[in-house]
Amino acid sequence: MTMKETLILKGNIIHCPTPREFEIHENSYIISRKGKVLGIYPELPGDYKGIDSKLPEDLQNIEFHDFGQALIIPSFIDLHIHASQYMQRGLGLDMQLIPWLEQYTFPHEKLFAQEEYARRIYPHFAESLHSVGSLRSCIFGTIHQESNEILMQSLMDRGLIAYVGKVNMDCNAPDYLCENTGQSLKETRAFIKEFQNNPRVKPIITPRFAPSCTSELMRGLADLAEEFDVPIQSHISENPEELQWVKELFPHCDSYSEVYRNHGLWNSQTLMAHGVYLTEQGKEWMRQAGVQVVHCPEANLNLTSGIMPLTDMLDAGLIIGLGSDVGAGQSMAINRVMVRAIQSSKILHKFTPQSRVLSLSEAFYLGTKANGRLWGKVGSFEPEYSMDALVIQDELADREGFSPLEKLQRFIYCGDDRNIAARYLEGRRI
Ligand code: GUN
Ligand code: FE
């Protein structure tokens, strides 16, 4: 089906151009052209007057939907998720990071050495992202070339937009996941070349984390990131035992942050998951370089890692986003991750009162506009932003006269994919 140039949706439109508050447009129209938002209007403007009373077949080059009492919100973005851990969700979460990696995660990732396993699992992973409304995401694959290609294809088939990383690890890993350094770099180069011009599903450089990468590998990956202008994602400062290990492995670096920074992996297109235990210096370097910290509150609780001081870091001017971190996190739904971020901040506040509680609009902002940063104008309905939207329906709440904000609160806390009536990405229904 060819895409009509103009898309007009009617409903209760809500977004967060700033973290401070929700902007709510009751019974309004959002108009986009060629996948980009033109604006939000209480009445249809000039050229479009009267289209809402025409039959769809009489509308040339305009697609119009009246969603009545439903909410129209920016679609969700997951800034840190492991596709390979999709089937691992919920398993072995009585452990902390290092034993969990060794006993559950690494043996599980080994399964992706078989293409057949990737063919069985990855289409379901893509289907789940679509279902929960995470229409864009930053994904870890595994070290395995063929399986990663199947992952890319599954995401494309589902119409999603993503950055996908071929994972690199060349030390401190079981034999079956430990790569030869030169081979790892060669395969990463091939992976980038194969997908760099793909309009929707693109490559991202993905050293797993400092303990499983040699200096040579990290430097080589930093060179590739620069050569091809590709973003970078990894893990940082998640767990005290991990921190101690990094100290032993890199004795010349004063902190975990310094390891990545010294190896050239530190720039404004870098995403670093966790950051529970960053030093003051590490945070300052991140702020200066524009590195984005990806807060993964579910994983931090499940693996007893700790609570990242989110609001302190926001107030210090760091760039932060949200990730599900499936399978250390159990829920694919970013609305659930927003709730967990708020709940984590409440626990921290209880024990350290000077650390303030995260507001709902801040959490929503993180999972939409803040998470969209890597793609440019994404995650909000301001003019020129990508027309990426979810339509949220709750008939019972409609019938009982809930306000749009009440319906949004209810969806974020209690809603699921059954409440998502439609999904739009770049102005196209998917
Ligand atoms: N650190 C290194 N690898 C991983 C992983 O797969 N999950 C999490 N949560 N942390 C990691
Ligand atoms: Fe992770």
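Here, residues in each chain are numbered from 1, in the same order as that chain's written sequence. Written order decides the labels, with chains lettered from A and ligands numbered from 1. Totals for whole chains, interfaces and linings use every residue, but because this is a predicted model, local features are given only for residues with pLDDT of at least 70 and side-chain atom pairs only at 80 or more, for both listing and counting. Each side-chain value is worked out from all heavy atoms of the structure, with water and hydrogens disregarded.

## Digging into the pairing of strand 11 (residues 232-236)
What counts is decided by this rule: Type-normalised accessible area, obtained with a 1.4 Å probe on protein chains alone, sets the label of each residue: buried when under 20%, exposed when over 50%, and partly exposed for intermediate values. Elements are defined by DSSP. Helices are runs of H or I of four residues or more, strands are runs of E of two residues or more, and each kind is numbered from the N terminus.
Counting buried residues in strand 11 gives five out of five residues, a clear majority hidden from the surface. Side chains of strand 11 alternate between two faces, with Ile232, Ser234 and Ile236 and Gln233 and His235 buried alike.

## Comments concerning the site of ligand 1
To keep things clear, this is the line we draw: When at least one non-hydrogen atom of a residue lies within 4 Å of a molecule or strand, that residue is treated as near it. For this analysis, a polar contact is any N or O atom pair within 3.5 Å, provided that within protein one partner can donate a hydrogen and the other can accept it, and provided that sequence-adjacent residues contribute only side-chain to side-chain pairs. Surface exposure here means Shrake-Rupley accessible area, sampled with a 1.4 Å probe, where a residue is shielded only by the protein chains that are shown.
In the vicinity of ligand 1, the contacting residues are His82, Gln85, Leu97, Trp100, Leu101, Arg208, Phe209, His235, Glu238, His274, Asp325 and Ala328. Between ligand 1 and Gln85 there is a distance of 2.9 Å, counted from an oxygen atom to a side-chain nitrogen or oxygen. Between ligand 1 and Asp325 there is a distance of 2.9 Å, counted from a nitrogen atom to a side-chain nitrogen or oxygen. In isolation ligand 1 has 280 Å² of accessible area, and contact with the protein removes 100% of it. If one sorts the elements of the shell around ligand 1 by residue count, helix 1 (residues 97-110) sits on top with three residues.

## A few points about the packing of helix 3 (residues 145-157) against helix 4 (residues 181-195)
Going by this rule: For every element, the axis is a line fit to its C-alpha atoms; helices are fit only across the contacting stretch, and the angle between N-to-C directions ranges from 0 to 180 degrees. To sort the angles, those under 35 degrees are grouped as roughly parallel, those over 145 as roughly antiparallel, those from 65 to 115 as roughly perpendicular, and the leftovers as oblique. By the definition used in this description, the sense in which the near helix is turned from the far one sets the handedness, with an anticlockwise turn below a right angle giving left-handed and a clockwise turn giving right-handed. Should any heavy atoms of two residues lie within 4.5 Å, those residues are considered in contact. Residue polarity is assigned by list, with Asp, Glu, Lys and Arg as charged and Ala, Val, Leu, Ile, Met, Phe, Trp, Tyr, Cys and Pro as nonpolar; anything else, Gly included, falls into the polar class.
Close contact between helix 3 and helix 4 brings their axes to 11 Å; oriented N to C, the two are set at 20 degrees. Accordingly, the angle class assigned to the pair helix 3 and helix 4 is roughly parallel. In the crossing of helix 3 with helix 4, the sense of the turn from one axis to the other is right-handed. Here Gln145, Asn148, Glu149, Met152 and Met156 of helix 3 lie close against helix 4, whose contacting residues are Glu187, Ala190, Phe191, Glu194 and Phe195. When its residues are assigned to classes, the contact of helix 3 with helix 4 shows five nonpolar, two polar and three charged.

## Let's talk about the coordination of the iron ion (ligand 2)
Note on metal sites: the ideal angle is 109.5 degrees for four tetrahedral donors, and 90 or 180 degrees for six octahedral donors. Basically, it comes down to this: Sites may look incomplete because water is not among the atoms; the donors themselves are N, O and S atoms within 2.8 Å of the metal, or within 3.2 Å for Na, K and Ca. Working rule for geometry: tetrahedral if four donors all subtend angles between 85 and 135 degrees; square planar for four, octahedral for six, if opposite donors exceed 155 degrees and the others stay between 65 and 115; irregular in every other situation.
The iron ion (ligand 2) binds to the protein through His80 (NE2), His82 (NE2), His235 (NE2) and Asp325 (OD); the donor distances cover 2.1 to 2.2 Å. Around the iron ion (ligand 2) sit four donor atoms; with metal-centred angles ranging over 90 to 172 degrees, the donor geometry is irregular. Along the chain, the residues that donate to the iron ion (ligand 2) are spaced as H-x1-H-x152-H-x89-D. On the accessibility criterion, His82 (2% relative accessible area) is buried.

## Considerations on the sheet that holds strand 9 (residues 201-203)
Our working definition: Two strands qualify as a pair provided that DSSP identifies no fewer than 2 bridges between them.
Read from one edge of the open sheet, four strands run 5-6-7-9, paired in parallel fashion. Both edges of this open sheet fall to strand 5 (76-82) and strand 9, since each of them pairs with a single strand only. Pairs of neighbouring strands in the sheet enclose a mean axial angle of 20 degrees, with direction left out of account. Against the sheet, helix 3 contacts strand 6 (134-140), strand 7 (161-165) and strand 9, and its axis sits at roughly 150 degrees relative to strand 9.

## Details of the packing of helix 1 against helix 6 (residues 240-249)
Viewed as axis vectors pointing N to C, helix 1 and helix 6 meet at an angle of 90 degrees, and their least axial separation amounts to 7 Å. Considering their axes alone, helix 1 and helix 6 lie roughly perpendicular with respect to each other. Across from Leu97, Ile98 and Pro99 in helix 1, the residues of helix 6 making contact are Glu241, Glu242 and Trp245. Within the contact of helix 1 with helix 6, the residues separate by chemical class into four nonpolar, no polar and two charged.

## Some thoughts on unusual backbone geometry
With an omega of 5 degrees, the peptide bond running from Val326 to Gly327 counts as cis. Turning to its location among the elements, Gly327 is positioned in the loop between strand 14 (319-322) and helix 11 (334-351). Of note in this structure, Ser237 is not a glycine but carries a positive phi near 40 degrees. Its location among the elements puts Ser237 in the loop between strand 11 and helix 6. On the basis of relative accessibility, which here comes to 2%, the residue Ser237 falls in the buried class. Even without being glycine, Glu384 reaches a positive phi, approximately 80 degrees.

## What about the side chain of Thr105?
Residue position: Thr105 is located in helix 1. Residue classification places Thr105 among the buried residues on the basis of a relative accessible area of 0%. Here Thr105 is in contact with Gln85, Gln88, Trp100 and Arg208, once residues within four sequence places are set aside.

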